[in-house]
Amino acid sequence: MDKIAHAKELVAEAIKKYPNVAVACSFGKDSMVTVDIARKVSPDIPIFAVMTRHKPRETFEYLVEMDKKMALNTLVYMVADEVPAILKENNIQVKLLPTAGFNKAMEQYSEQIYLTNPDECCKLLKVDPTRAAVENMDAWIAGLRNTEGRIRENYEEVEHKGGLVKYNPILTFTEEEIFGYLKDNNIKLHPWYEMEFPDGKKYRSLGCAPCTKPIFPDEPERVGRWQETSKCGGECGIHTQILKASKAKFI
Ligand code: SF4
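Attention in this report is confined to the structure presented alongside it.

About the cut-offs
- Residues numbered from 1 in each chain as written.
- Predicted model: local features only at pLDDT ≥ 70, side-chain atom pairs only at ≥ 80, totals over all residues.
- Heavy atoms only, no water.
- Buried < 20%, exposed > 50% of the residue type's maximum accessible area, 1.4 Å probe, protein only.
- Helix = DSSP H or I, 4+ residues; strand = E, 2+ residues; numbered from the N terminus.
- Pairing = 2+ DSSP bridges.
- Right-handed = clockwise from strand over helix to strand, strands pointing away.
- Axes fitted to C-alpha atoms, helices over the stretch in contact; angles between N-to-C directions.
- Parallel < 35°, antiparallel > 145°, perpendicular 65-115°, else oblique.
- Left-handed = near helix turned anticlockwise from the far one by under 90°.
- Contact = heavy atoms within 4.5 Å.
- Near = heavy atom within 4 Å.
- Nonpolar A, V, L, I, M, F, W, Y, C, P; charged D, E, K, R; others polar.

### Things to note about the pairing of strand S1 (residues 21–24)
Part 1: What you see with S1 is no split at all: Val21 and Val23 on one side and Ala22 and Ala24 on the other are buried throughout.
Part 2: Pairing between S1 and strand S5 (residues 139–141): three bridges, direction parallel. The residue bridging alanine 22 from the neighbouring strand is tryptophan 140, located in S5.
Part 3: In terms of handedness, the path from S1 via helix H2 (residues 29–41) over to strand S2 (residues 47–51) forms a crossover that is right-handed.

### A word on the packing of H2 against helix H8 (residues 175–184)
Part 1: Between H2 and H8, the shortest axis-to-axis distance is 9 Å and the interhelical angle comes to 55°. Judged by the angle between their axes, H2 and H8 are oblique. Classified by chirality, the crossing of H8 by H2 is left-handed. Side by side, H2 and H8 meet where Lys29, Asp30, Met32, Val33, Asp36, Ile37 and Lys40 of the first sit next to Glu175, Ile178, Phe179, Tyr181 and Leu182 of the second.

### Structural notes on the site of the ligand
Part 1: Around the ligand, a shell composed of His54, Tyr114, Pro118, Cys121, Cys122, Leu125, Lys126, Cys208, Cys211 and Trp226 is seen.
Part 2: Per-element accounting of the shell around the ligand gives the leading share, five residues, to helix H7 (residues 118–134).
Part 3: For the shell around the ligand, a count of residues per class yields eight nonpolar, one polar and one charged.

See the structure below:
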């Protein structure tokens, strides 16, 4: 309860200090907790999502379902020539971003750029679209947690990077507390978390389909990400790179 109250205080502080703030949502478990907490503090706080052509079909379906259920009015940013049919049919707002750079990179590194150069793939499909999303924001709110993996251990609840402030209100939540919060608040899980594998593995951190594998319960939470590459267990770059260079209008 203390952690939830504290998370709400952080969201309230973000809104008070930086009215031009939004919540990033990947539609993974941590995002859903962050969004729910933020919406309880401010029912109209904007929600944005960066989607890629490689996200699982179930993530698109879950986005549509939860957007309706929670009245999120999600604004999706996506490198694509056309709005995916499922988003179009369900009136999800989508801001399309040019595909030329990604097409050129696929020519250079192969169609399976997520294997041959995952850093470049993430930069083009995730980091640059996030830069576009936060371009006019002073602050954003994300669902990072310290216990997710080695790189996130030392993150802080409020980060000042470049001209942008990031709030991580659920930073101290454990994986168990995240699942507990979702259960207690009747928030449906993304179906991949409920998939059972014969060897006991489960999906515990979700990203794009080619870069997300099920893992054992005693492994670090992000070990299933980018498994066949040097980026294994790492980061896409959204939370490690500077997203905005200009000076924010701090209050
Ligand atoms: S997670 Fe994988 S497929 Fe998705 S943008 Fe990164 S490298 Fe590409």
